[in-house]
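Observations on the three-dimensional arrangement
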Amino acid sequence: MPQDAEVKWELYEMFQAFLQAPVYHLVFEGLLMVWVMWLIFRKSYNPREKTTLTEKEKEELIAEWTPEPLVPEVRDDHPALNPRIVSGKLGKYVKVGEFHCLNAATHNYLGMIENPKVEEASIKALRKYGVGSCGPRGFYGTIDVHLDLESRLAKFLSVEEAVLYSYGFATIASVIPAYSKRGDVIFVDKGVHFAIQKGLQASRSDIRYFNHNDLADLERLLKIQEAEDLKNPKKAKVTRRFLIVEGIYVNYGDICPLREMIELKNKYKVRLFIDETVSFGVLGASGKGVMEHLDIPTEEADLVAASLEYSFGSNGGFSCGTSYVVDHQVIQSLDGNRIPS
């Protein structure tokens, strides 16, 4: 069949199909065509077109506008504007205005703030060393009382060496990144206090949280790490693993199951750091902390850290352990941000 004849035959079939189509179908297609043409040729919105207001319209809009206040209205009797003034020593009892109240917002567990011997020793220290700005010994030098207190703390806790920090919060927050680096693994209780959390962030290590005081959950994570080490023994040789707990948890007030923790520590070969911030001076026959309370040798912990701003009513903090561990901490802390004092 010639090509022209084929074209004519196809057009004929299309025309027949058009005649046989239902009326509603033709109407619908016609409406669609009209809508498409309208979309193509309609005037599009130009965002650059601006409505010009007259001066009178501007003045009317300004007159109608009521700005919101920068701060909400506050009553004259609001507690923030009328604080209760505490006067006198922040000891067991405090004077709030005209009332003598029991101080339940303090960590002065042993009453060191009001101890006459402590007050007398503080006055002698002020007369000898004076009052002024202070800071890390890397900036201001080592004072004899630094070395004396470090020696006495080490002897009291039956460890080889101790190192002081000028700020209690910075103690554990600086200890952790001094040892644990990127690529290392830290197993830590979900309930640890804020200073430990900041130390974990600073270390940039791989953090594995276990449920609070949950030994089964901790062992589950340790088994997972053990399996990973078996898959990649080359990486396992250079990966350090740490377990960080508190003697008494600041956020919960309960004691960690340290004896069982040490069993897991020895079984899975991890280093144990104990924060005794709350338990130091509270637990144990002589106040040495949770290890004395549970009759556990100090050698079982790789490092113990604590703040002196709680039970001892003083300033700063300390960490202690073997000379090898403490010396490493001092050397690693000489970047100016985490200098022991």
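Everything in this summary refers to the structure shown in the same document. (Residues numbered from 1 in each chain as written. Predicted model: local features only at pLDDT ≥ 70, side-chain atom pairs only at ≥ 80, totals over all residues. Heavy atoms only, no water.)

Describing the sheet that holds strand S2 (residues 93–96)
With antiparallel pairing, three strands are arranged side by side in an open sheet as S1-S2-S3. Every other strand in the sheet has two partners, leaving strand S1 (86–87) and strand S3 (99–102) as the edge strands with one partner each. Of the strand pairs in this sheet, S1 and S2 are connected by two bridges, and their pairing is antiparallel. Of the residues in S2, the one forming a bridge with Ser87 is Lys95. (Pairing = 2+ DSSP bridges. Helix = DSSP H or I, 4+ residues; strand = E, 2+ residues; numbered from the N terminus.)

Concerning the sheet that holds strand S10 (residues 317–321)
Pairing is mixed in the open sheet, where seven strands are placed in the order S4-S10-S9-S8-S7-S5-S6. At either margin of the open sheet sits one strand with a lone partner, and together these are strand S4 (161–165) and strand S6 (206–210). On average, each strand axis in the sheet is tilted by 20° relative to the strand beside it, whichever way the strands run. Sheet analysis places strand S7 (residues 241–246) next to strand S8 (residues 271–275), joined by five bridges and oriented parallel. Its bridge partner being in S8, Glu246 is matched across the sheet by Asp275. Sheet strands touched by helix H6 (residues 144–157): S4 and S10. Its angle to S4, the strand with the most contacts, is close to 130°. Lying on the sheet, helix H9 (residues 215–231) is in contact with strand S5 (185–189), S6 and S7; it crosses S6 at an angle near 145°. (Axes fitted to C-alpha atoms, helices over the stretch in contact; angles between N-to-C directions. Contact = heavy atoms within 4.5 Å.)

Quick look at H6
Compared with the 20 Å implied by 1.5 Å per residue over 14 residues, the 20 Å span of H6 between its first and last C-alpha is a close match. Positive backbone phi, at 60°, marks Ser158, one or two positions downstream of H6. (Expected span 1.5 Å × (residues − 1).)

Here we look at unusual backbone geometry
Despite not being glycine, Lys269 has its phi angle at roughly 60°, a positive value. Among the structural elements, Lys269 can be located in the loop between helix H11 (258–268) and S8. The backbone phi angle of Asp295 is positive, close to 55°, even though this residue is not glycine. Topologically, Asp295 is positioned in the loop between helix H12 (290–293) and strand S9 (303–307).

Notes on the layout of surface pockets
By volume, the second largest pocket is sized at about 360 Å³. In terms of lining, the second largest pocket is formed by 19 residues, of which the most central are Leu157, Ser158, Val159, Thr298 and Glu299. Contributing elements (two or more residues each) for the lining of the second largest pocket: H12, S9 and S10. Residues belonging to the lining of the second largest pocket are distributed by class as follows: nine nonpolar, four polar and six charged. (1 Å grid on protein atoms, 1.4 Å probe; cavity = no way out; pocket = protein on both sides within 12 Å on 5 of 7 lines; lining within 4 Å. Points joined across faces, edges and corners; volume = space filled by probe spheres on them. Nonpolar A, V, L, I, M, F, W, Y, C, P; charged D, E, K, R; others polar.)

So, the packing of H9 against H11
Where H9 contacts H11, the two axes come as close as 11 Å, and the packing angle between them is 10°. What the angle tells us is that H9 and H11 run roughly parallel. In this structure, H9 uses Leu215, Leu218, Glu219, Leu222, Lys223 and Glu226 to contact H11, whose residues at the interface are Glu260, Met261, Leu264, Lys267 and Tyr268. A breakdown of the residues in the contact of H9 with H11 according to their chemical character gives six nonpolar, no polar and five charged. (Parallel < 35°, antiparallel > 145°, perpendicular 65-115°, else oblique.)

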